[in-house]
Amino acid sequence: MMMMMMKKMRTAARFRSQLWSLKMPSLCHRSFAAISTYKAVIFYMYGVLIPSPVKLATVFEQQNGVPLGTLGKAIRTGGEVNAWKRFMRGEIGAEEFVEAFGRQCSEIIVESCREGLSKPDPRIYHLCLNRLGVSAHEAVFLDDLELNVKAAAQLGMHAIKVGDLAVSVKELEGVLGIPLSGFVPGPGSAPWATKLPMDQLTQYLRKTLHLSDKDPVAVQQLSPSQSNALYHLTTGGRHLLLRKQQKTSRAMETEYRLLKSLSRSGIPVPEIIDLCEDPSVLGAPFLLMEFCLGRMFSDPSLPGLTPGDRRALYQAMQHTLCQIHCLDTRAVGLEDYNEPVDYMGLQVQWWTQQYRDSETLPIPSMERLIQWLPLHLPKHQRTTLIHGSFRLENLVFHPEKPEVVAVMDWGRSRLGDPLTDLTFSCMAHYLPQDNPLLTGISDRGLVQLGIPTVEEVMRQYCSSMGLEEGITEWNFYMAFHLFCLAASHQGESKSTIAGQTGSGRLAEQVADLAWDFATKEGFRIFNAMPRSPHAGTSPLKGQVAE
């Protein structure tokens, strides 16, 4: 029997339990919920994303001595009122799951045998779209057969051919902008779910939010890495974000103070509910925040959008960055907010130490950078409030407008050199799409995508900030950021023999790219040096050398 299942994703106001995924540089992950421009996902029900029940039934029969075909017969007989059909329609069993799932999406099943149509006939695709009430460009189609995928793509759908299931789900996550796995309805449902003591957390939430004893608490860890502890909580009809302090992270009260101050500044930040410093709750201080409804993009190429939409979002991103850098810190009480004497010098020292602490085999480019960076620090550093890890993934955009509604992950914020934010936001421009350390767009054809080039970003920023002289030391900042990226990932290979891991080799490749930028900066400095009156003159012919 041929079936298609479509999950119709509700509009921004109604889609209340989507999850945001933010990523920090080391690249720490933080995140909350986002809404994609796509409204429907269409796929063949048996064996594309969901394992075929026929195959699973056969395995069960073989393992339990049940005559082959018994379960299949039970599925097919009994018409629309049999147990299988009732379960598939959500009429019986797993009531709590059906209730929670129904708040996020609706399901429509189109049966080929009933409609007299089958893929790749365009009519069955149009039938699905009509019943969902969406257009082709608002739908994502998945199938494991190439001819079916091509037919959907020709109609304007975003089509994904399913080969490796994990790869396909990852691609679908990127297209939709939401995680599709890892939801934890309670303690112990996933290996990392025990990181939060649910009894203590539930008691704290009920007291803080004035919930009833009947309100369950659902948890999803948005980033399972040790460098970041961010959780999406659902309870009492509310969706919350919990950010837990790690041993190596800055004090939560500092970030709490910052976000409270920024909430009065016009800079879009998440609303703080509470700062809990009682170690008996989670063992460490944490922030409880409201999550912001909107869109978040993990892929800097912004798949699924038009070139005009991409350009508008990148321009909104730069507008928000200028807002941060133009903030009058005194007006919001942040004039003493961690101001260093030599911001860039201290940053180079700190990241050098991080590299030394995790060093395995020496990386020649890193050794050269460790010597070069302190000698070429920018001579004229402005001081403003900086975000510390400003990039597309840490922004939440309005569900429909090219407007930033929240800037996330302020854990690295301080007073410092604003050009570190600008240049960090452009790192993806210099890395390829398949770079595992940081997804890039250097090989994506920016003009065709509508994404501003580095030169355009620089011009927009300089115009907005009144920097008539431009940014002469751009190459230094890029060398610095790539040096930090290599240093942060070198430690991942420390536990392996001689550091011969993909991460170790990637760290070396990134360090080589950083040294390329250092070399370019060296040539710029050399060319800017004043020349003697006779420089470039041939001693033999008295002519200017070409």
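Each value, and the rule that gives it
Residues numbered from 1 in each chain as written. Predicted model: local features only at pLDDT ≥ 70, side-chain atom pairs only at ≥ 80, totals over all residues. Heavy atoms only, no water. Axes fitted to C-alpha atoms, helices over the stretch in contact; angles between N-to-C directions. Helix = DSSP H or I, 4+ residues; strand = E, 2+ residues; numbered from the N terminus. Parallel < 35°, antiparallel > 145°, perpendicular 65-115°, else oblique. Left-handed = near helix turned anticlockwise from the far one by under 90°. Contact = heavy atoms within 4.5 Å. Buried < 20%, exposed > 50% of the residue type's maximum accessible area, 1.4 Å probe, protein only. Polar contact = N/O pair within 3.5 Å; in protein donor to acceptor, adjacent residues only side chain to side chain. Phe/Tyr/Trp six-rings, centres within 6.5 Å; stacked < 30°, edge-to-face > 60°. Lys NZ or Arg CZ within 6 Å of the ring centre and 35° of its normal.

1. Observations regarding the packing of helix α13 (residues 343-358) against helix α18 (residues 474-490)
Where α13 contacts α18, the two axes come as close as 8 Å, and the packing angle between them is 30°. Relative to α18, the element α13 is oriented roughly parallel. In this structure, α13 crosses over α18, and the sense of that crossing is left-handed. Residues Met344, Gln347, Val348, Trp351, Thr352, Tyr355 and Ser358 of α13 pack against Phe476, Tyr477, Phe480, Phe483, Cys484, Ala487, Ser488 and Gln490 of α18.

2. Here's the deal with the environment of Gln200
Considering the arrangement of structural elements, one finds Gln200 in helix α9 (residues 198-209). Relative accessible area serves as the criterion here: at 34%, Gln200 is assigned to the partly exposed category. When near neighbours in sequence (up to four residues on either side) are disregarded, Gln200 contacts Ser280 and Val281.

3. Considerations on the side chain of His239
With respect to the helices and strands, His239 occurs in strand β10 (residues 238-244). Exposure remark for His239: the relative accessible area of 12% places this residue in the buried category. There is a polar contact of 3.1 Å between the side chain of His239 and the side chain of His232. At a separation of 3.3 Å, a polar atom in the side chain of His239 contacts the side chain of Thr234.

4. Regarding the environment of Pro436
Residue position: Pro436 is located in the loop between α15 (419-424) and α16 (446-449). Considering only alpha carbons, one finds Pro436 and Leu506, 70 residues apart in sequence, at a separation of 8.3 Å.

5. Topic: the packing of aromatic side chains
Two aromatic rings, taken as a pair, are described by how far apart their centres are and by the angle between their planes. As enumerated under the stated definition, the model contains 8 aromatic pairs in all. Aromatic pair Trp350 and Trp351: ring centres 4.9 Å apart, planes at 85°, arrangement edge-to-face. Judged by relative accessible area, which is 8%, Trp351 ranks as buried. What links up through ring pairs into an aromatic cluster is the set Trp372, Phe476, Tyr477 and Trp515. Lys520 extends its terminal NZ or CZ atom over the ring of Phe517, reaching a point 4.8 Å from the ring centre.

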